Number of protein chains: 2
Amino acid sequence: MYFSAQKDFKEREIAPGVRLRLTWGERLMMSFVSLQPNSVVGNHRHPHEQMGTVLKGEVEMVIGGKARVVREGEAYLVPSNVEHSARSFDKPALALDIFSPPREDYK
Amino acid sequence: MYFSAQKDFKEREIAPGVRLRLTWGERLMMSFVSLQPNSVVGNHRHPHEQMGTVLKGEVEMVIGGKARVVREGEAYLVPSNVEHSARSFDKPALALDIFSPPREDYK
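Residues numbered from 1 in each chain as written. Chains lettered and ligands numbered in written order. Predicted model: local features only at pLDDT ≥ 70, side-chain atom pairs only at ≥ 80, totals over all residues.

1. Some details on the overall build of chain A
When you go through chain A residue by residue, the secondary structure sums to zero helices and eleven strands. Shown N-terminal to C-terminal, the secondary structure of chain A runs as helices and strands in the order β-β-β-β-β-β-β-β-β-β-β. Here the C-alpha atoms of chain A give a radius of gyration of 13 Å, agreeing with the 13 Å that 2.2 N^0.38 yields for 107 residues. When its C-alpha atoms are laid out on the principal axes, chain A stretches across 35 × 30 × 25 Å. A total of 107 residues make up chain A; the buried ones form 41% of that total. (Helix = DSSP H or I, 4+ residues; strand = E, 2+ residues; numbered from the N terminus. Rg over C-alpha atoms; globule rule 2.2 N^0.38 Å. Buried ≥ 20, exposed ≤ 12 C-beta atoms within 10 Å, placed from the backbone.)

2. Things to note about the environment of B:Leu55
On the secondary structure map, B:Leu55 appears in strand β6 (residues 49–56). Sequence separation of B:Leu55 and B:Leu94 is 39 residues, and the distance between their C-alpha atoms is 5.4 Å. Sequence-distant contacts of B:Leu55, defined by excluding residues within four places in its chain, comprise A:Leu55, B:Glu72, B:Leu94, B:Ala95 and B:Leu96. (Contact = placed C-beta atoms within 7 Å.)

3. Description of the pairing of strand β8 (residues 66–71) of chain B
Residue and element names in this part refer to chain B. Looking at chain direction, strand β7 (residues 58–63) and β8 are connected through six bridges and run antiparallel. Directly across from Glu58, in β8, lies its bridge partner Arg71. In this structure, the hairpin formed by β7 and β8 is closed by a connection of two residues, where Gly64 is found at a positive phi of approximately 55°. (Pairing = 2+ DSSP bridges.)

4. Quick word on the sheet that holds strand β2 (residues 10–15) of chain B
Where strands meet in a sheet, backbone hydrogen bonds hold them as pairs that are either parallel or antiparallel. Taken together, seven strands build an open sheet; the order of strands is β1(A)-β9(B)-β6(B)-β11(B)-β4(B)-β3(B)-β2(B) and the sheet is antiparallel. Edge positions in the sheet fall to β1 (3–4) of chain A together with β2 of chain B, since each of these pairs with one other strand and no more.

5. Some remarks on the relation of the copies chain B and chain A
Mapping chain B onto chain A leaves a residual RMSD of 0.0 Å; the transformation is a rotation of 180° accompanied by 0.0 Å of translation along its axis. Interpreted geometrically, this transformation is the action of a two-fold axis. Using C-alpha coordinates, one finds that chain B approaches the rotation axis most closely at B:Ser100, a distance of 3.6 Å. Mapped onto chain A, 100% of the interface residues of chain B again fall at the interface, so both copies present the same surface. (Least-squares fit on C-alpha atoms with pLDDT ≥ 70 in both.)

6. Some thoughts on the interface of chain B and chain A
Taken together, the contact pairs 28 residues of chain B with 28 residues of chain A. Looking at the side of chain B that touches chain A, the elements that each hand over two or more residues are β1 (3–4), β6, β8, β9 (75–78) and β11 (93–100) of chain B. In terms of residue count, β6(B) provides more of the side of chain B that touches chain A than any other element does, four residues in total. Grouping the constituent residues of the side of chain B that touches chain A by class yields 14 nonpolar, eight polar and six charged. Pairing analysis gives two bridges linking β1(A) to β9(B), with the strands arranged antiparallel. From the neighbouring strand, A:Phe3 faces β9(B), where its bridge partner is B:Tyr76. (Nonpolar A, V, L, I, M, F, W, Y, C, P; charged D, E, K, R; others polar.)

7. Focus: unusual backbone geometry
Where the residue is not glycine, phi is negative for most of them; where a peptide bond is considered, it is trans in most cases. Here the amide bond leading from A:Ser100 into A:Pro101 is cis, since omega sits at -5°, within 30 degrees of zero. By the secondary structure assignment, A:Pro101 is in the segment after β11 (93–100). A positive phi is found at B:Asn81, a non-glycine position, where the angle reads about 70°. Counting through the fold element by element, B:Asn81 comes out in the loop between β9 and β10 (84–88). In this structure B:Asn81 comes out as exposed when scored by C-beta crowding, with 10 C-beta atoms within 10 Å.

8. Remarks on the sheet that holds strand β8 (residues 66–71) of chain A
All names here are of chain A. With respect to topology, four strands assemble into an open sheet ordered β5-β10-β7-β8, the strand pairing being antiparallel. Since the sheet does not close on itself, it has two edges, and those belong to β5 (40–44) and β8, each with one partner. Each neighbouring strand pair of the sheet contributes to a mean axis angle of 20°, computed without reference to strand direction. (Axes fitted to C-alpha atoms, helices over the stretch in contact; angles between N-to-C directions.)

9. Details of the nonpolar core
Residues A:Met30, A:Ile98, B:Met30 and B:Ile98 are the most contacted members of the largest nonpolar core, which totals 52 residues. Beyond its immediate chain neighbours, meaning those up to four positions away, B:Ile98 contacts A:Leu28, A:Ile98, B:Leu28, B:Met29, B:Met30, B:Gln50, B:Met51 and B:Gly52. (Core = buried A, V, L, I, M, F, W, Y, C linked by C-beta atoms within 7 Å.)

10. Remarks on the confidence of the model for chain A
In this model, chain A carries a mean pLDDT of 97, and residues with pLDDT of at least 70 account for 100%. Taken together, the chains of this predicted complex give a pTM of 0.96 and an interface ipTM of 0.95. (pLDDT = per-residue confidence, 0-100.)

11. Side note on the environment of A:Glu13
All names here are of chain A. By the secondary structure assignment, Glu13 is in strand β2 (residues 10–15). Overall, the presence of 10 C-beta atoms within 10 Å leaves Glu13 in the exposed class. In sequence terms Glu13 and Ser34 are 21 residues apart; their C-alpha atoms lie 9.5 Å from each other. Each residue touching Glu13, except ones within four places of it in the same chain, is listed here: Val18 and Arg19.

See the structure below:
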């Protein structure tokens, strides 16, 4: 399927207040990440390379021990197996994560 | 580098009125695509898998002969070597393309 709308995406809640909407191909996975205010994705790592951007609001990312508040139009890169975490502040936020290869645990 | 802002991205104009801002890792490339009104990215194909979404405005994508107007929050998938094109309408638009592997011709 070449085109998909939000109703077609797979949904998954990965932490309290953190909901994913997922779509993927053979090599790529897109994950729209909705964060309620003051939500946390705890420190973790995976072999998949991850990049992303913030679509609405602000998200603090900590990647390999480096913290940054990421805003709309900025980008982040999580190399394979580097520890990272994320949190929102007092407003909701929306980020887009992308993975290669797709995360089997999210399908 | 884990974090990047728009000033850090590589810029490239690929067609009249179509400007890319690029950032990439080992397996992933993100391309923020700014389209001026009535701009066209002609039919082409490449072995890289491509996905994407529209961040602002509307973009008509034709993928494998199927046309769709893609709007904010919707997604598209261009499998390896499938022909595709894109165009904007009478307003500017902003899309995010992602590629795996990164496109060497865009670095």
